[in-house]
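Each chain, letter by letter, is given below.
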Amino acid sequence: MNLDIKLRVSNVEKFFPGVKALDKINFAVRKGTVHVICGENGAGKSTLMKVINGIYKQDSGQILIDEKVVDIKNPIEARSLGISMIFQELNYMPEMTIEESLFVGNWPRDRYGKVDWKEIRKRTLALLEKENLNYAPETKLKDLTVSDIQMLEILKAISYNSDIIIMDEPTSAITQKEVEVLFKKINELRERGTCIIYISHKMDEIFRIADEITVFRDGCVVDSRPKENYDMETVITQMVGRKVESIFQKEDIELGEQVLQVKGLTNAGKFKNVNFEVRKGEIVGFAGLMGAGRTEVMRALFGLDEYQSGDVIIKDKKVHIKSVSDSIDKKMVMLSEDRRRFGIIPVRSVRENVSLSSLKKFIYGGRLHADIENQTVEDLCKKMNVKTPSYETSIEALSGGNQQKVILSKWMVTDPDILILDEPTRGIDVGAKHEIYKLMTMLAKQGKAVIMVSSELPELIMMCDRIYVMAKGEITGMLTRDEFTQEKIMAYATATKTQ
Ligand SMILES: Nc1ncnc2c1ncn2[C@@H]1O[C@H](COP(=O)(O)OP(=O)(O)OP(=O)(O)O)[C@@H](O)[C@H]1O
Ligand SMILES: [Mg+2]
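Quick caveat, the model's predicted, so the values are computed rather than measured.

Enquirer: When you look at helix α9 (residues 294-301) in this model, what are you seeing that I'm missing?
Expert: An α-helical segment advances 3.6 residues per turn. Residues three or four places apart therefore align on the same side. Of all 8 residues making up α9, 7 are buried, and the element is well covered by its neighbours. What α9 keeps buried is the set Arg294, Thr295, Val297, Met298, Arg299, Ala300 and Leu301. In the stretch just after α9, Gly303 is the one whose phi turns positive, near 85°.

Enquirer: Can you help me understand the domain arrangement of the protein in this one?
Expert: What the domain assignment lists for the protein is domain 1 (5-96 + 143-240), domain 2 (99-139) and domain 3 (258-493). Placing a centre on the C-alpha atoms of domain 1 and another on those of domain 2 gives a separation of 27 Å. Across the contact, 13 residues belong to domain 1 and 12 residues belong to domain 2. Contact between domain 1 and domain 2 buries roughly 1,100 Å² in total, counting both sides, with carbon and sulfur atoms accounting for 63%. It is Met96, Leu152 and Leu155 that lose the most area in domain 1 upon contact with domain 2, and together they represent 42% of the buried surface on that side. Where domain 1 packs against domain 2, one counts 1 salt bridge. The closest approach of N and O atoms between Glu131 and Lys185, which form a salt bridge, is 3.0 Å. Between domain 1 and domain 2 we count 3 residue pairs in polar contact (both at pLDDT 80 or more) in total. Contributions of two or more residues to the side of domain 1 that touches domain 2 are made by α5 (146-159) and α6 (176-191). The dominant element in the side of domain 1 that touches domain 2, judged by the number of residues it contributes, is α5, at 4 residues.

Enquirer: In this structure, what is going on with the packing of aromatic side chains? I would like to understand it.
Expert: Here the distance between the centres and the angle between the planes together describe a pair of aromatic rings. For the coordinates displayed, the defined rule picks out 8 aromatic pairs. Measuring from ring centre to ring centre gives 5.4 Å for Phe286 and Tyr468, while their planes differ by 25°; the resulting arrangement is stacked. Taken together, the positions of Phe286 in strand β13 (residues 283-288) and Tyr468 in strand β21 (residues 466-471) put the pair 182 residues apart, joining distant regions of the chain. Take Tyr468: its relative accessible area is 5%, and that puts it in the buried class. Ring centres of Phe302 and Trp411 lie 5.8 Å apart, and the angle between their planes is 90°; this geometry places the pair in the edge-to-face category. Pair noted here: Phe302 is in the loop between α9 and β14 (309-314) and Trp411 is in helix α14 (residues 400-413), with a separation of 109 residues, a long-range link. A relative accessible area of 5% places Phe302 in the buried class.

Enquirer: Help me out: how do you make sense of the site of ligand 1 in this one?
Expert: In the vicinity of ligand 1 lie 19 residues, with Asn41, Gly42, Lys45, Thr47 and Gln88 positioned nearest. Between ligand 1 and Gly44, the relevant distance is 2.9 Å, taken from an oxygen atom to a main-chain nitrogen or oxygen of the residue. Within the side chain of Ser46, a nitrogen or oxygen atom sits 2.8 Å from an oxygen atom of ligand 1. With the chains in place, 91% of the 630 Å² that ligand 1 exposes on its own is no longer accessible.

Enquirer: In this structure, what is going on with the packing of α5 against α6? I would like to understand it.
Expert: Packed helix pairs are characterised by how far apart their axes lie and by the angle those axes make with each other. Their axes nearest at 11 Å, the elements α5 and α6 cross at an angle of 10°. For the element pair α5 / α6, the angle class is roughly parallel. Every residue of α6 that contacts α5 at Ser147, Asp148, Met151, Ile154, Leu155 and Ile158 is listed here: Glu178, Val181, Leu182, Lys185 and Leu189. In terms of residue class, the contact of α5 with α6 is made up of 7 nonpolar, 1 polar and 3 charged.

Enquirer: Looking at this structure, I do not really get the sheet that holds β14. What am I missing?
Expert: Within a sheet, adjacent strands bond to each other through the backbone by hydrogen bonds, running parallel or antiparallel. A sheet is described by the order of its strands in space; here 4 strands give the open sequence β12-β11-β14-β15, paired in antiparallel fashion. Both edges of this open sheet fall to β12 (271-279) and β15 (317-319), since each of them pairs with a single strand only. The sheet shows a mean angle of 20° between the axes of neighbouring strands, taken without regard to direction. Where α9 meets the sheet, its contacts fall on β11 (258-267), β12 and β14, and the angle it forms with β12 comes to roughly 70°.

Enquirer: It is not clear to me how the pairing of strand β9 (residues 212-217) should be interpreted in this structure. Could you clarify?
Expert: Regular strands place their side chains on alternate faces of the sheet. Of all 6 residues in β9, 5 are buried, a share of seventy percent or more. The pairing of strand β3 (residues 34-39) with β9 spans 5 bridges and is parallel. When the sheet's bridge partners are listed, His35 is paired in β9 with Glu212. In the sheet, β9 pairs with strand β10 (residues 220-226) via 6 bridges, with the strands oriented antiparallel. Looking across to β10, one finds that Phe216 is bridged to Val221. In this antiparallel pair of consecutive strands, β9 and β10, the connection spans 2 residues, and Asp218 shows a positive phi of 50°.

How each quantity is defined
Residues numbered from 1 in each chain as written. Chains lettered and ligands numbered in written order. Predicted model: local features only at pLDDT ≥ 70, side-chain atom pairs only at ≥ 80, totals over all residues. Heavy atoms only, no water. Buried < 20%, exposed > 50% of the residue type's maximum accessible area, 1.4 Å probe, protein only. Helix = DSSP H or I, 4+ residues; strand = E, 2+ residues; numbered from the N terminus. Domains from an automatic or database assignment. Contact = heavy atoms within 4.5 Å. Buried area = accessible area lost by both parts, 1.4 Å probe. Salt bridge = Lys/Arg side-chain N within 4 Å of Asp/Glu carboxyl O. Polar contact = N/O pair within 3.5 Å; in protein donor to acceptor, adjacent residues only side chain to side chain. Phe/Tyr/Trp six-rings, centres within 6.5 Å; stacked < 30°, edge-to-face > 60°. Near = heavy atom within 4 Å. Areas by Shrake-Rupley, 256 points an atom, 1.4 Å probe, with all protein chains shown as cover. Axes fitted to C-alpha atoms, helices over the stretch in contact; angles between N-to-C directions. Parallel < 35°, antiparallel > 145°, perpendicular 65-115°, else oblique. Nonpolar A, V, L, I, M, F, W, Y, C, P; charged D, E, K, R; others polar. Pairing = 2+ DSSP bridges.

Written out as structure tokens, the structure is:
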């Protein structure tokens, strides 16, 4: 018996149809520490966290709290045992208000047992003010940015005063400033003796925040050590089971004619006078701080939002894009940063998610050719390295990173001329990131025009021919490959410099 240990996982196994997601997992989390779990997409990280949070029941093995075996049947029981969790996939209801989402399942009651809305309003206002979130409590979640929704989830999980807080990729959608806020909170929690289990694919983050690191691979624990005894390279090698180059070498690709030109695009309040162009075979980056308006511009191009003025010219023809199908017709597609809301079709299979947006391709002679559909889906998913038990598996059963790869495959079937990739490697493990970079290179070689929005400067610098930088809804600068440095980009991104 070790009183220092708060949570122990002992020989836990979990099977899904066709997959052994967890294979006799053993590890322990000490009181007042941040325990980071690393592993490739599909390694079993989220599955174990869901077992600990009572969403899944393990098939064998035990969970112990304070060295006593507990049987956690559901998340409410988990909470009463002092466990709370921030989920990897933002699973919010768009119509819910901020105050409802903060207190759902945990409503304060008045002395007659009725939900105490006055109290809810009061506490919500206090929290929003304390955290500098400038929203009214009755704002609907669909009107918030992804980063604010994620920040609210974080604040909510912390507000339960749990002993164990699980954070499954908490920073995948928040701004750098918010990351600092989160890390400060984590440090305070650690001081108070709270345990944090922290999952992330971001190596720099991991090494900043961890006390201990456990590496998962294919449902097994590979190794577990205090941070001091680890270095990045060892972690990565253990994760993928082989050495991975940390640098991707961009190939020189000859550029063709201009495919897309955007002139003076404006949507009041979101972006203003946006001008840029992309050529065949070119990878054009969009850098900027979160909230700079990059996603908004891309959404307008893809027909998800309207724009008020300005011109979009595709292959020398002026077009007006009013809907997503307009955009797809013009052979322009977009991978969205919020895959829950715009990416996946939740209850459908992997196959359907890949093929549904291009069924026309598989229909001729009035008949759907399932064999060709299946072959196409299989080829693409193999190329993308999608890890799934079968193509008939529901997409929701895939790990976060693998869902991202499925959505990319979906757009590949449509054989687009212009691809807009908004945060394409978010939530993707180091090995698979390389697959995506390779794929982008291949697409550029085929003469496609690629737009890459990313918050990770190193990958923009590595992959792009040119980078546009946005700040406060406007393009503040454009850099060519020989001019790329993080400092220059940041100067434009913070609008301390404009061209
Ligand atoms: N509900 C489910 N039904 C069937 N299979 C599942 C389910 N949830 C997860 N799996 C499978 O279990 C394995 C582990 O998935 P898990 O989500 O735990 O991975 P992860 O390590 O969190 O990956 P990522 O970094 O991509 O989030 C994967 O092969 C996944 O497809
Ligand atoms: Mg996961």
